[in-house]
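Geometric and topological summary
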Amino acid sequence: MSMVIKNQHQKKWQSPQLSCDSDTCASSSCGSSDDSSITNNDTPVRESRAVRRNRMWRERKTKAAASSSSKHLQMHEKTVPLHLQSRIYAMDCEMVGVGTDGLDSCLARATVIDYDGNVVYDQFVQPSQHVTDYRTHVSGIREQDLCGAIDLETCRAQVMELLQDHILVGHALKNDLQALGMTHSWQEMRDTAKYEPLMKRRSEHNQTLWPRKLRDLALEHLKYDIQLPGKPHSPYEDALAALDLYKKHWRKWEKVMDYKIQRTNEIVKSSAAMENAAVQ
């Protein structure tokens, strides 16, 4: 898979091809298909290519549906200002299972798109621990996908550079950032799992706000399907859905963020003034 990063300096990095034949995979650090600790079935490369073609078709279909939905949304909401569009990226990551029974998660793919839905970063990542469950039915990741993949440190450095001074949109971004081993300032995060108008009450008797599933939000607010039953997740689809949700709610969302940032600055200034007065 090739990868291109676009930033202020228009840098481009070309990654090595991430696909390989079964012989190469068997002799690489990705491990042998005979490893009984891996719960994913070894699948011929030709099937992987078929799955990849199917995934690309789904992504094109989702993007077309999202484009139609976006045109509808523009009838009710003015377009996000250009100066804001240029600062917006959406990200989604896919994990594989590590540790006993694959219960722990480890980064295996990171995808970033820009405001227009163009892929600016898409890389498979070599897990830092031994993979015990590829979770292919959900992640879409197969053993051969990780042959020749970049390491976590390289991925982290590239994503950090890409996201610098940008607003990051996504769903449950805490999980993605934790997998990457990095942080992003809360002032520049727009998480559809944490935005109150997109959350739900936990129960009739418990009014605590609770995150909703991205696929439910996409169906209700955007009128298109993602994460179809029996199909692996697409990080492109998930990033695009989160981005479209932001586009629909951006006006009120930005007002809320402006207020929170202003109040935070006021509290910080007030605390600093009190400390200075106490010292004097």
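Conventions adopted
- Residues numbered from 1 in each chain as written.
- Predicted model: local features only at pLDDT ≥ 70, side-chain atom pairs only at ≥ 80, totals over all residues.
- Heavy atoms only, no water.
- Helix = DSSP H or I, 4+ residues; strand = E, 2+ residues; numbered from the N terminus.
- Buried < 20%, exposed > 50% of the residue type's maximum accessible area, 1.4 Å probe, protein only.
- Contact = heavy atoms within 4.5 Å.
- Axes fitted to C-alpha atoms, helices over the stretch in contact; angles between N-to-C directions.
- Parallel < 35°, antiparallel > 145°, perpendicular 65-115°, else oblique.
- Left-handed = near helix turned anticlockwise from the far one by under 90°.
- Nonpolar A, V, L, I, M, F, W, Y, C, P; charged D, E, K, R; others polar.
- Salt bridge = Lys/Arg side-chain N within 4 Å of Asp/Glu carboxyl O.
- Disulfide = S-S within 2.5 Å.
- Expected span 1.5 Å × (residues − 1).
- Bend = angle between axes of the 7 residues up to and from the residue.
- Core = buried A, V, L, I, M, F, W, Y, C linked by side-chain atoms within 4.5 Å.
- Phe/Tyr/Trp six-rings, centres within 6.5 Å; stacked < 30°, edge-to-face > 60°.
- Lys NZ or Arg CZ within 6 Å of the ring centre and 35° of its normal.
- Arc of directions from axis to C-beta.
- pLDDT = per-residue confidence, 0-100.

A short note on the overall build of the chain
Each helix and strand in the chain was counted, giving 8 helices and 8 strands. For the chain, with 280 residues in total, the buried portion stands at 45%. By sequence separation, contacts in the chain at least 24 residues apart represent 64% of the contacts at least 6 residues apart.

Let's talk about the packing of helix α7 (residues 214–222) against helix α8 (residues 235–279)
Relative orientation of the contacting elements α7 and α8 amounts to 45 degrees, with a least axis distance of 10 Å. Compared by their axis directions, α7 and α8 come out oblique. Of the two elements, α7 crosses α8, and the hand of that crossing is left-handed. Judged by residue contacts, L214, L217, A218, H221 and L222 of α7 engage D238, A241, A242, D244, L245, K248 and H249 from α8. In the contact of α7 with α8, the residues fall into 7 nonpolar, 2 polar and 3 charged.

Comments concerning the pattern of salt bridges
Inspection of every chain in the model, using the stated rule, returns 5 salt bridges. Across the pair R87 and E188 runs a salt bridge whose closest N-O atoms are separated by 3.0 Å. Taken together, the residues R87 in the loop between α3 (82–85) and β1 (88–98) and E188 in the loop between α6 (173–180) and β6 (189–191) connect sequence positions 101 residues apart. Among the salt bridges present, the one from R190 reaches E254, with a minimum N-O distance of 2.8 Å. Residue R190 is found in strand β6, and its partner E254 is found in helix α8; the two are separated by 64 residues along the sequence.

Looking at the state of the cysteines
Taken as a whole, this structure holds 0 disulfides when the rule is applied. A disulfide-free cysteine, C155 has its sulfur positioned 6.9 Å from the sulfur of C93, the nearest such atom.

Here we look at α8
The end-to-end C-alpha distance of α8 is 52 Å, clearly below the 66 Å that 45 residues give at a rise of 1.5 Å each. Along α8, the sharpest change in direction is near 75 degrees and occurs at W250.

Thoughts on the environment of L214
Along the chain, L214 turns up in helix α7. L214 sits 24 residues away from D238 along the chain, and the two C-alpha atoms are 7.5 Å apart. Beyond its immediate stretch of four places on either side in the chain, L214 contacts H171, T192, I226, Q227, D238, A241, A242 and L245.

What about the nonpolar core?
Considering soluble globular proteins, one finds that nonpolar side chains tend to be buried as a cluster. Counting 27 residues, the largest nonpolar core has L84, I88, I113 and Y246 as its most contacted members. With 11 residues, the single largest contributor to this core is α8. In this structure I88 touches V80, I113, D114, Y115, H166, I167, V169, L243 and Y246, once residues within four positions along its chain are discounted.

Considerations on the packing of aromatic side chains
All told, the structure shown has 2 aromatic pairs when counted by the stated rule. With 4.1 Å between their ring centres and 5 degrees between their planes, Y195 and W253 make a pair best called stacked. Of this pair, Y195 sits in the loop between β6 and β7 (200–201) while W253 sits in helix α8, placing them 58 residues apart in sequence. Side by side, Y195 and W253 carry an identical accessibility label, which is buried. Aromatic rings pair up to connect Y195, Y246 and W253 into one cluster. One Lys or Arg, R202, reaches over the ring of W210 and ends 3.8 Å from the middle of that ring. The ring centre of Y115 lies 4.3 Å from the NZ or CZ of K247, which sits over that ring.

Observations regarding α7
Two residues of an α-helix separated by three or four positions point the same way, owing to the 3.6 residues in each turn. Listed in full, the buried residues belonging to α7 are L214, L217, A218, H221 and L222. One face of α7 carries all of its buried residues, which in axial projection span an arc of 100 degrees. Trailing α7 by a residue or two, K223 shows a phi angle of about 65 degrees, which is positive.

Points about the confidence of the model for the chain
Looking at the chain as a whole, the pLDDT averages 82, with 72% of positions reaching at least 70. Predicted confidence is poor over residues 4–46, with pLDDT under 50, and the contacts of this stretch with residues over four places away or in other chains come to 75 contacts. Considering only residues more than four positions removed or in separate chains, one finds that residues 71–76, a stretch of pLDDT under 50, has 4 contacts.

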